Amino acid sequence: MSVLPLVFTSGWASGINAYAVVLLLGIFGRTGLTDEVPASLQRTDVLIIAAVLFLCEAVADKVPYVDSIWDTVHTVIRPVSGGVIGALLAGQSGSLSDITAGVVGGSTALASHFVKAGTRMAINSSPEPFTNVAMSIAEDLGVAGLITFAIFNPEAAAIIAGVLLAIGLALMIYLWGRIRRFLRRRAQRREEKRLAAEARAVTGAPPPGRPF
């Protein structure tokens, strides 16, 4: 059986939380629940690093504006992780070209990452933190649930991941106005900081919070 459905699902999940995907796949492989996970993802050091980074993301992902900064940093990390995981899964099964699996996993991760990042920008157009927390918890549970489901029902899980990705892309189009407002506000804050720094340089005033 082709490993492509699992590659696609893990790619979708990696675009949302790559560290959770590595951690879950590694645990499932170590416990013997699946033979699809390569030994490199089951290593103790890989699991420890993935667990620490997952905890970091769990905190950063629930703080308004910090989550968007975290997403920006992971614009490269998540797609690369999705591609690497896909290639490793393909190499383990021998049923799919490593290059093909890497492209599928990486491109799917990139698409779901943009959905996640764009949704957070739309949410951050409102300063209250409760929506961020609720969305982060829903994403974590969704990743955990779908990866677990994919281990036992890869084809059905891939269909669900495809539907979620399509819904997310449609939601991005719907929320585009709020995303643009967030980007304008962020650009405005950067410009205000730049002008304030230039004014301090001209007047010789110390930065805010520092004594004269």
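Before reading further, recall that the structure is shown in the block above.
Residues numbered from 1 in each chain as written. Predicted model: local features only at pLDDT ≥ 70, side-chain atom pairs only at ≥ 80, totals over all residues. Heavy atoms only, no water.

J.: Summarise the overall build of the chain; cite the residues concerned and give the values.
T.: On a plain count of helices and strands, the chain comes out with seven helices and zero strands. Counted from the first residue to the last, the chain has its helices and strands arranged as α-α-α-α-α-α-α. For the chain, buried positions account for 43% of its 212 residues. Summed over its atoms, the accessible surface of the chain is roughly 10900 Å², and 72% of this surface lies on carbon and sulfur atoms. (Helix = DSSP H or I, 4+ residues; strand = E, 2+ residues; numbered from the N terminus. Buried < 20%, exposed > 50% of the residue type's maximum accessible area, 1.4 Å probe, protein only. Areas by Shrake-Rupley, 256 points an atom, 1.4 Å probe, with all protein chains shown as cover.)

J.: Explain unusual backbone geometry to me, and be specific about the residues and the numbers.
T.: A positive phi angle is found at Tyr65, which is not glycine, with a value near 70°. Along the chain, the position of Tyr65 falls in the loop between helix H2 (44-60) and helix H3 (66-93).

J.: Could you give an account of a nonpolar patch on the surface, naming the residues involved and the relevant values?
T.: Where nonpolar side chains cluster on the molecular surface, the patch consists of Phe149, Ile159, Ile160, Val163, Leu164 and Ile167 and spans about 520 Å² of accessible area. Residue contributions to the nonpolar patch peak at five residues, all from helix H6 (residues 154-174). Tracing the backbone through its elements, the reader meets Ile159 in helix H6. Relative accessible area serves as the criterion here: at 59%, Ile159 is assigned to the exposed category. (Patch = residues over 30% accessible without salt bridge, like charges linked within 9 Å, V, L, I, M, F, W, Y side chains within 5 Å. Salt bridge = Lys/Arg side-chain N within 4 Å of Asp/Glu carboxyl O.)

J.: I'd like a description of the packing of helix H1 (residues 4-30) against H6, backed by residues and values.
T.: With their axes 8 Å apart at the nearest point, H1 and H6 run at an angle of 40° to one another. For H1 against H6, the interelement crossing comes out left-handed. On H6, the residues touching Pro5, Leu6, Phe8, Thr9 and Trp12 of H1 are Pro154, Glu155, Ala157, Ala158, Ala161, Gly162, Leu164 and Leu165. Grouping the amino acids of the contact of H1 with H6 by side-chain chemistry returns ten nonpolar, two polar and one charged. (Axes fitted to C-alpha atoms, helices over the stretch in contact; angles between N-to-C directions. Left-handed = near helix turned anticlockwise from the far one by under 90°. Contact = heavy atoms within 4.5 Å. Nonpolar A, V, L, I, M, F, W, Y, C, P; charged D, E, K, R; others polar.)

J.: Tell me about the side chain of Arg78, and name the residues and values.
T.: With respect to the helices, strands and loops of the structure, Arg78 is situated in helix H3. Of the residues examined, Arg78 reaches a relative accessible area of 0% and is grouped as buried. At a separation of 3.0 Å, a polar atom in the side chain of Arg78 contacts the side chain of His113. Contacts of Arg78, omitting those with residues within four sequence positions, involve Ser14, Gly15, Ile16, Ala18, Glu57, Trp70, Asp71, Ala109, His113 and Lys116. (Polar contact = N/O pair within 3.5 Å; in protein donor to acceptor, adjacent residues only side chain to side chain.)

J.: Can you lay out the packing of helix H5 (residues 130-152) against H6 for me, pointing to particular residues and giving the numbers?
T.: Where H5 meets H6, the closest approach of the two axes is 6 Å, and the angle between their N-to-C directions is 145°. Together, Leu146, Phe149, Ala150 and Phe152 of H5 and Pro154, Ala156, Ala157, Ile160, Ala161 and Leu164 of H6 make up the contact between the two elements.

J.: I'd like a rundown of the pattern of salt bridges, residues and numbers included.
T.: Tallied over the entire structure, the rule returns nine salt bridges. Among the ionic pairs, Arg78 bridges to Asp71, the shortest N-O distance being 2.9 Å. Of the residues examined, Asp71 reaches a relative accessible area of 2% and is grouped as buried. Measuring nitrogen to oxygen at the nearest pair gives 2.7 Å for the salt bridge that ties Glu139 to Lys116. Here Glu139 is found in helix H5, whereas its partner Lys116 is found in helix H4 (residues 98-123), with 23 residues between them in sequence. Since its relative accessible area comes to 11%, Glu139 is described here as buried. Within the structure, one salt-bridge network assembled from shared partners comprises Asp61, Asp67, Lys116, Arg120 and Glu139.

J.: Outline the nonpolar core, supporting the account with residue identities and numerical values.
T.: In this structure, Trp12, Val21, Leu25, Val143 and Ile147 are the most contacted members of the largest nonpolar core, which totals 36 residues. At the level of elements, H1, H2, H3, H4, H5 and H6 are the ones that each hand at least two residues to this core. (Core = buried A, V, L, I, M, F, W, Y, C linked by side-chain atoms within 4.5 Å.)

Function cannot be inferred from these measures alone, as they are strictly geometric.
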